[in-house]
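# Remarks on the overall topology
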Amino acid sequence: MKITLILASLAFLILQCSSDVKTSILGSWKVDSVYTYYNGFSFTRKDIEEEPLLDYLQDGKLKMTKGEESRLFLFEIPNQDSLLHRNSDHSMLEKFFILKLSENQLIVRKEMNPVFRGNNQERYEIKYLSKYRGE
């Protein structure tokens, strides 16, 4: 009985934390810069015109807008440090690790596959986003 109560309490806390993250991420975000790392070589892009505006909606939908065009996707936060973007058929589009989420800043890391063959390679991208309040 005690173990069941402890497990139920733990599950509630995990779901509550995940719910808080989902509430915090709601709204529009714009990419400020993208840091890319590959086997010791890195660079930061600040010319991010090609990055869409991300609008996380209450109903679990993600609206990506670039110029006059926008597309709807789904998003999911399975735990407090993961963010999943999915296609409308629920297939995986992108997986991010949430490094920081505050009222005005979101920092996410995306693991990427190596370009070249070989062992012990590391490739990832970190996106720095800020809350978008309109122009």
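Residues numbered from 1 in each chain as written. Predicted model: local features only at pLDDT ≥ 70, side-chain atom pairs only at ≥ 80, totals over all residues. Heavy atoms only, no water.

Secondary structure summary: the chain contains one helix and nine strands in total. When the helices and strands of the chain are read in sequence order from the N terminus, they spell out α-β-β-β-β-β-β-β-β-β. With 135 residues in all, the chain has 33% of them scored as buried. Nonlocal contacts in the chain, meaning residues at least 24 apart in sequence, comprise 40% of its contacts between residues at least 6 apart. Accessible surface, the chain as shown: approximately 9200 Å² in total, 54% of it carbon and sulfur. (Helix = DSSP H or I, 4+ residues; strand = E, 2+ residues; numbered from the N terminus. Buried < 20%, exposed > 50% of the residue type's maximum accessible area, 1.4 Å probe, protein only. Contact = heavy atoms within 4.5 Å. Areas by Shrake-Rupley, 256 points an atom, 1.4 Å probe, with all protein chains shown as cover.)

Summed over the entire model, instances satisfying the criterion amount to four aromatic pairs. When the ring of Tyr35 is compared with that of Tyr124, the centres are 6.4 Å apart and the planes differ by 45°; the resulting orientation is tilted. With Tyr35 in strand E1 (residues 27-38) and Tyr124 in strand E9 (residues 123-131), the pair connects residues that are 89 residues apart, well separated along the chain. Exposure remark for Tyr35: the relative accessible area of 22% places this residue in the partly exposed category. Using a relative accessible area of 11% as the deciding quantity, one classes Tyr124 as buried. (Phe/Tyr/Trp six-rings, centres within 6.5 Å; stacked < 30°, edge-to-face > 60°.)

The next thing to look at is the environment of Asp32. Positionally, Asp32 belongs in strand E1. Relative accessible area serves as the criterion here: at 31%, Asp32 is assigned to the partly exposed category. Once the C-alpha coordinates of Asp32 and Lys131 are considered, the two residues, 99 residues apart in sequence, prove to be 9.9 Å apart. Ignoring anything within four residues of it in the chain, the contact list for Asp32 reads Arg45, Lys46, Ile48, Tyr128, Leu129 and Ser130. Looking at Asp32, its side chain comes within polar contact range of the side chain of Ser130, at 3.0 Å. (Polar contact = N/O pair within 3.5 Å; in protein donor to acceptor, adjacent residues only side chain to side chain.)

With respect to the helices and strands, the residue His85 is situated in strand E6 (residues 82-86). Excluding residues within four positions of it along the chain, His85 makes contact with Tyr56, Leu62, Met64, Leu74, Phe75, Met92, Leu93, Glu94 and Phe96.

Okay, the confidence of the model for the chain next. Should the pLDDT be low somewhere, the predicted coordinates at that spot are not to be read in detail. For the chain, the mean per-residue pLDDT works out to 86, and 85% of the residues sit at or above 70. Least confident of the elements in the chain is helix H1 (residues 2-25), whose mean pLDDT is 54; most confident is strand E8 (residues 105-111), at 98. Across residues 4-19 the pLDDT falls below 50, and counting only partners more than four positions away or on other chains, this stretch makes four contacts in the model. (pLDDT = per-residue confidence, 0-100.)

A few words on the pairing of E9. Each regular strand displays side chains that alternate between the two surfaces of the sheet. Most of E9 sits inside the fold, with seven of its nine residues counted as buried. Here nine bridges tie E1 to E9, and the two strands are oriented antiparallel to one another. When the bridges of E9 are listed, Tyr38 appears paired with Arg123. (Pairing = 2+ DSSP bridges.)

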